[in-house]
Amino acid sequence: MIGWIAHTMAASTLLMLVLVVLRPWLHRWCPPRLVYALWLVPAARLMMPALPILAPTAPATEALTISPVPLSGTAPMAIDGASIFLILWLGGAVMHLTVQIRRYVRYLGAVRAAATGIVGTAGPIIVRISAAVDGPMAAGLVRRDIFVPVDFEQRFAPEERRLALAHERMHHSRHDLWANLTALIVLSLHWFNPLAHHAYRLFRADQELACDADVVMREAGRQRAVYGRTLLKASEGVPALLCP
């Protein structure tokens, strides 16, 4: 068990390193959607068995031994190094994931509580005004919403408002928030790994680039300059960990 965990974590870390190193070259020659999709590879590697060539093998002479248990009294429970490693790794992963989920739930609750009205709808997605956001934001995994700041209509021109909402709707239609949750689980399993935290930030940046590319593909050339200005206006504030 410990050998499989160590091998799998090392393999996914190696894949992250490859993507981090090749990312500048990939962005020169590949579309943003492909670069974003490549981040699925390290996550998928965590669910695969160890490769036979690289899988750790136990010595042939190793055998399972069972120590006799006294008939009376309680036998002492021994905790070896492997058990301690497993407890620390899983404990850190659960703690990291719990803290981040609680932060997101608390933040989203504050945003919903500060909602003062509804701008409109985009299919099943409701666009709400909230005093707790500084820019347009897609939020919610099941109850999908788009939140806009109270000065949304004053800060953005009509065409800019349309493009800003198109960007947030694109996040929902691409299921980017579910991808963020998956990436957060992977990051929690790598809670001790600085490379994983760096890779997560690059993954989020590539997510935005891919979303922008999908929006731009649907717009004519004139709207692309407007879209660029809209992004600059909407970039105020720092979004929560699961919000694109």
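For the structure, check the block above.
Please read all numbers here as calculations on a predicted model, not as lab measurements.

### Here's the deal with the overall build of the protein
(1) Moving on: Looking only at helices and strands, one finds nine helices and four strands in the protein.
(2) Moving on: Scanning the protein from its N terminus toward the C terminus, one meets helices and strands in the order α-α-α-α-β-β-β-β-α-α-α-α-α.
(3) Moving on: Evaluated residue by residue, the protein yields a buried proportion of 38% over its 244 residues.
(4) Moving on: Of all intrachain contacts in the protein linking residues separated by at least 6 positions in sequence, the fraction that spans at least 24 positions is 67%.
(5) Moving on: Counting every atom, the protein has about 14300 Å² of accessible surface; 69% of that belongs to carbon and sulfur.

### Some words on the nonpolar core
Buried together is how nonpolar side chains tend to be arranged in soluble globular proteins.
(1) Moving on: M16, V20, W39 and F203 are the most contacted members of the largest nonpolar core, which totals 23 residues.
(2) Moving on: Listing elements by their share of this core, those giving two or more residues are α1 (2-29), α2 (32-37), α7 (176-189) and α8 (194-217).
(3) Moving on: If one sorts the elements of this core by residue count, α8 sits on top with seven residues.
(4) Moving on: Among residues more than four places away in sequence, those in contact with M16 are P42, V186, H190, L195, A196 and A199.

Each value, and the rule that gives it
- The residue numbers shown here count from 1 along each chain, following its written sequence.
- Predicted model: local features are reported for residues with pLDDT of at least 70 only, side-chain atom pairs are reported and counted for 80 or more only, and whole-chain, interface and lining totals are derived from all residues.
- Heavy atoms throughout the structure, all of them, feed into the side-chain values; hydrogens and water do not.
- Note on conventions: DSSP H or I runs of at least 4 residues are helices, E runs of at least 2 residues are strands, and numbering of each starts at the N terminus.
- When accessible area is computed with a 1.4 Å probe and restricted to protein chains, residues below 20% of their type maximum are described as buried, those above 50% as exposed, and intermediate ones as partly exposed.
- It only takes one pair of heavy atoms within 4.5 Å for two residues to be counted as in contact.
- Residue exposure ignores everything except the shown protein chains as possible cover, and the areas themselves are Shrake-Rupley values with a 1.4 Å probe.
- Residues enter a nonpolar core if they are buried and are Ala, Val, Leu, Ile, Met, Phe, Trp, Tyr or Cys, with the set joined through side-chain atoms within 4.5 Å.

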